[in-house]
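# What the coordinates show
Residues per chain, in single letters:
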Amino acid sequence: MKNCALYRFMILGAIALTLVGCRKELDYDYDEADYVEGYRLEFEVEWELEWERSYGSSWYDNWDEAGTDHIYDYYKPLPPEGIAVILYNKDAEGNYVHSREVHIPAEGGKVTIDKSTRAILLHNDDSEYITISDLSSPHTAYATTGTNGRSFNDFHSGERSINQPDMLYGAFVELEEMEAQLGYKNTKVTLRPLVYSYLVRCPIEKNAQAIALARGAMGGMAEGVNVKDGSTNEKAATIIFECQPTSYGIGIQVFTFGVPNFSDDYYTRGDEVTGQFDVKLDMFFKNGKTMNFDFDISSQMKNQPNGGVIHLNGIEIPDEMAEGTSGFNPDVESWGEETDIDLL
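Residues numbered from 1 in each chain as written. Predicted model: local features only at pLDDT ≥ 70, side-chain atom pairs only at ≥ 80, totals over all residues. Heavy atoms only, no water.

### A look at the sheet that holds strand E12 (residues 196–203)
Pairing within the open sheet is mixed, and its four strands lie in the order E16-E17-E12-E20. What marks the edges here is a single partner per strand, and that holds for strand E16 (244–245) and strand E20 (308–311). (Pairing = 2+ DSSP bridges. Helix = DSSP H or I, 4+ residues; strand = E, 2+ residues; numbered from the N terminus.)

Structure, rendered in structure tokens:
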């Protein structure tokens, strides 16, 4: 019985090794015969690691006016870990049709495509908080982020309150019809940001040490972004954030999809950003008291559709807010319960 069991184990092991070997060969070890009906692309990838895009604000050249605690490059995102490569064919009517998806390293890699591939959509595949939907066509691929359960009364009613997105990059490549060829065709591609950030700066001259916690919301921002070209539709959302202590008071780097109804082509015609944009701050003090502040930042957003610096000036904290303590616990329910809802 022991010999029979050992024999069966050896047979199963041999089969498993054969299957593993075949799978590896199919994934990586193609021979030239496999490419008679297709060809191979080798992507050379560059990342545009920018946190804001200037449309007249010129923060890079005038960084002293920003008044932050760090140099300009400190706020730049880190390179992603990998890339999703989505392949599209065309149907008889000339419409793009989703074919398949593969993944390559962040520095680039080799992808096998067939003769009918006509377009390729790329985005980083290491995002934790972003949901991408409608990938059936590159024109409809749309990225957004989850709903945040916190709400601010009478603040941009009708907008969905969303979590900050993490970094997302995208690129789109159209292919001409090509004859089948052996070997690799080098394809250079630059992935540009689809998420930008705003440095929300809130100076406090005195009694800043009395603040236990501060949270905020930025209303009127884009709810999502088109992965293909970085454009946004008219749908607005309120982005929830939590402030951090700084040398000048409190502040935060808020990640967003930019402003609604925006594209690079639209803005280069000389149009300014329109719409209502506001920031609301709730401050919780160590003595258990609270203060609320509202700021209209619409004028600051006119030439900052994709990231920039927002100044929230004029905050004064009275001495009574710094007097005494109630043993305020930053985790008490005064914050309200936060609920993250995943989008399907």
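### Let's talk about unusual backbone geometry
Phi is positive for serine 58, close to 50°, though the residue is something other than glycine. Residue position: serine 58 is located in the loop between strand E1 (38–47) and strand E2 (82–90). With phi around 55°, aspartate 134 is a residue other than glycine that occupies positive phi space. Looking at the element boundaries, aspartate 134 is found in the loop between strand E6 (130–133) and strand E7 (142–145).

### What about the nonpolar core?
It is characteristic of soluble globular proteins that their nonpolar side chains tend to be buried jointly. By size, the foremost hydrophobic cluster in this structure holds 38 residues, and its most contacted members are Phe43, Val85, Ile120, Leu122, Val189 and Leu191. Residue assignment for this core shows that the elements contributing at least two residues are E1, E2, strand E3 (96–105), strand E4 (108–114), strand E5 (117–124), strand E10 (169–174) and strand E11 (184–193). Once you skip the residues sitting within four places of it in the chain, valine 189 turns out to touch Phe43, Glu44, Val45, Glu46, Leu122, Ala171 and Val173. (Core = buried A, V, L, I, M, F, W, Y, C linked by side-chain atoms within 4.5 Å. Buried < 20%, exposed > 50% of the residue type's maximum accessible area, 1.4 Å probe, protein only. Contact = heavy atoms within 4.5 Å.)

### Describing the sheet that holds strand E14 (residues 224–226)
The three strands lie next to each other as E6-E7-E14, forming an open sheet whose pairing is antiparallel. Whereas interior strands pair on both sides, the edge strands pair on one side only; in this sheet they are E6 and E14. Direction aside, the axes of adjacent strands within the sheet are offset by 25° on average. Taken together, the four bridges between E6 and E7 define a ladder with antiparallel strand orientation. Opposite threonine 131, over in E7, you have threonine 144 as the bridge partner. (Axes fitted to C-alpha atoms, helices over the stretch in contact; angles between N-to-C directions.)

### Some points on the side chain of glutamine 253
Locating glutamine 253 in the fold gives a position in strand E17 (residues 249–256). Residue classification places glutamine 253 among the buried positions, given a relative accessible area of 19%. A polar atom in the side chain of glutamine 253 sits 3.1 Å from the backbone oxygen of tyrosine 75. A distance of 2.9 Å separates polar atoms of two side chains, one belonging to glutamine 253 and the other to serine 197. Ignoring sequence-local partners within four residues, the contact set of glutamine 253 consists of Trp51, Tyr75, Gln164, Ser197, Tyr198 and Leu199. (Polar contact = N/O pair within 3.5 Å; in protein donor to acceptor, adjacent residues only side chain to side chain.)

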